[in-house]
Amino acid sequence: MSFVDITMAFYAAGSLLLVFARAAKLAFPRPAADLMGALGFPAGVWFARVAGGAELALGVTALAVRGPAPAMASAGVYFLFALVVLLALSRGLSSCGCFGQVDSPPSRIHVVGNLFFAAVFVMAAGAGDSPRVWLGTAVDQPVGRVALVLAVCVLAGLVFVSFTAVPEWLQARSVGRSPETFRVEAAGLRR
């Protein structure tokens, strides 16, 4: 596996993350709207849905369209996400608003992860490819392509968990509570 293959695998995973996270934001826009309002941006649910729709379209475009433009636009969005999370951290906000109904506290993991994906997309822009084209050339057997698609989906899932569950677990651990107790209390469902 070459450096380009690794970059394209992360490019595809980052694009999938844009698609799935933004679809969740479209379905459940309130956390994103609350975050934007707390940061001084337009706070309406309509704005969260429009932003989510634009990010969803960008993720699909980055997956399907060849060339540097979708990669650079995605890099810019991931850089913007890092800045928003830094703002949320600096203001002590309790939710990143990133994944719709799946709530997660903003964390340094978010910042580093978003900056990592911004760098991946910049590197991919230099390759001038898209995951769709890459999948067609990286493996010459259909079974291999299916395995590669599954591997990229698993990678995107691991990134999702690192952006959601890991910060929650770390926050719960830092205040001496179990993650389950923390999740129940945060949801207002005390036992």
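About the criteria used
Residues numbered from 1 in each chain as written. Predicted model: local features only at pLDDT ≥ 70, side-chain atom pairs only at ≥ 80, totals over all residues. Heavy atoms only, no water. Helix = DSSP H or I, 4+ residues; strand = E, 2+ residues; numbered from the N terminus. Buried < 20%, exposed > 50% of the residue type's maximum accessible area, 1.4 Å probe, protein only. Contact = heavy atoms within 4.5 Å. Areas by Shrake-Rupley, 256 points an atom, 1.4 Å probe, with all protein chains shown as cover. Core = buried A, V, L, I, M, F, W, Y, C linked by side-chain atoms within 4.5 Å. Patch = residues over 30% accessible without salt bridge, like charges linked within 9 Å, V, L, I, M, F, W, Y side chains within 5 Å. Salt bridge = Lys/Arg side-chain N within 4 Å of Asp/Glu carboxyl O. Phe/Tyr/Trp six-rings, centres within 6.5 Å; stacked < 30°, edge-to-face > 60°. Polar contact = N/O pair within 3.5 Å; in protein donor to acceptor, adjacent residues only side chain to side chain.

### A word on the overall build of the chain
Moving on, step 1. Across its full length, the chain holds eight helices and zero strands.
Moving on, step 2. Counting helices and strands in the order they occur from the N terminus, the chain gives α-α-α-α-α-α-α-α.
Moving on, step 3. Residue burial in the chain is summarised as follows: out of 191 residues, 40% are buried.
Moving on, step 4. Considering only intrachain contacts with a sequence separation of at least 6, the fraction spanning at least 24 residues in the chain is 70%.
Moving on, step 5. By element, 70% of the accessible surface of the chain is carried by carbon and sulfur atoms, the whole surface being about 9,800 Å².

### Notes on the nonpolar core
Moving on, step 1. In this structure, Tyr11, Leu17, Tyr78, Phe99 and Phe121 are the most contacted members of the largest nonpolar core, which totals 23 residues.
Moving on, step 2. When residues of this core are traced back to their parent elements, those giving at least two are helix H1 (3-27), helix H3 (45-64), helix H4 (68-90), helix H5 (108-127) and helix H7 (142-174).
Moving on, step 3. With six residues, the top contributor of residues to this core is H5.
Moving on, step 4. Membership of the second largest hydrophobic core comes to seven residues, among which are Ala9, Ala13, Leu16 and Val152.

### Details of a nonpolar patch on the surface
Moving on, step 1. Among the surface-exposed residues, Phe79, Leu80, Leu83, Leu86, Leu89 and Leu115 lie close enough to one another that they form a single nonpolar patch of about 510 Å² accessible area.
Moving on, step 2. Along the chain, the position of Leu80 falls in helix H4.
Moving on, step 3. For Leu80, a relative accessible area of 48% puts it in the partly exposed group.

### Topic: the pattern of salt bridges
Moving on, step 1. Summed over the entire model, instances satisfying the criterion amount to three salt bridges.
Moving on, step 2. Note that Arg22 and Glu55 form a salt bridge whose closest N and O atoms lie 2.5 Å from each other. Here Glu55 lies in helix H3 and Arg22 lies in helix H1, a separation of 33 residues in the sequence.
Moving on, step 3. Its relative accessible area of 5% is what places Arg22 among the buried residues.
Moving on, step 4. Here Arg30 and Asp34 are joined by a salt bridge, their closest N and O atoms 3.2 Å apart. Here Arg30 pairs with Asp34, and both are found in helix H2 (residues 30-38), just four residues apart, close to one helical turn.
Moving on, step 5. Owing to a relative accessible area of 43%, Asp34 belongs among the partly exposed residues under this scheme.
Moving on, step 6. Taken together, the shared-partner salt bridges in this structure form one network comprising Arg22, Lys25 and Glu55.

### Thoughts on the environment of Phe116
Moving on, step 1. By the secondary structure assignment, Phe116 is in helix H5.
Moving on, step 2. Between the alpha carbons of Phe116 and Ala75 there is a distance of 9.4 Å; along the sequence they are 41 residues apart.

### Section: the packing of aromatic side chains
Where two aromatic rings form a pair, the distance of their centres and the angle of their planes describe that pair.
Moving on, step 1. Per the counting criterion, the structure on display carries eight aromatic pairs.
Moving on, step 2. Summarising the aromatic geometry, the rings of Trp46 and Phe47 are spaced 5.7 Å apart at their centres and angled 85° between planes, so their arrangement reads as edge-to-face.
Moving on, step 3. With a centroid separation of 5.7 Å and an interplanar angle of 80°, the aromatic rings of Tyr78 and Phe81 are classed as edge-to-face. Taken together, the residues span about one helical turn, with Tyr78 and Phe81 both in helix H4 at a distance of three residues.
Moving on, step 4. A connected cluster of aromatic rings, assembled from ring pairs, spans Phe10, Tyr11, Tyr78, Phe81, Phe116, Phe117 and Phe121.

### Topic: the side chain of Ser95
Moving on, step 1. With respect to the helices, strands and loops of the structure, Ser95 is situated in the loop between H4 and H5.
Moving on, step 2. At 3.1 Å, the side chain of Ser95 forms a polar contact with the backbone nitrogen of Gly97.
Moving on, step 3. Those residues in contact with Ser95, other than ones at most four positions away along the chain, are Pro31, Leu35, Asp103, Ser104, Pro105 and Pro106.

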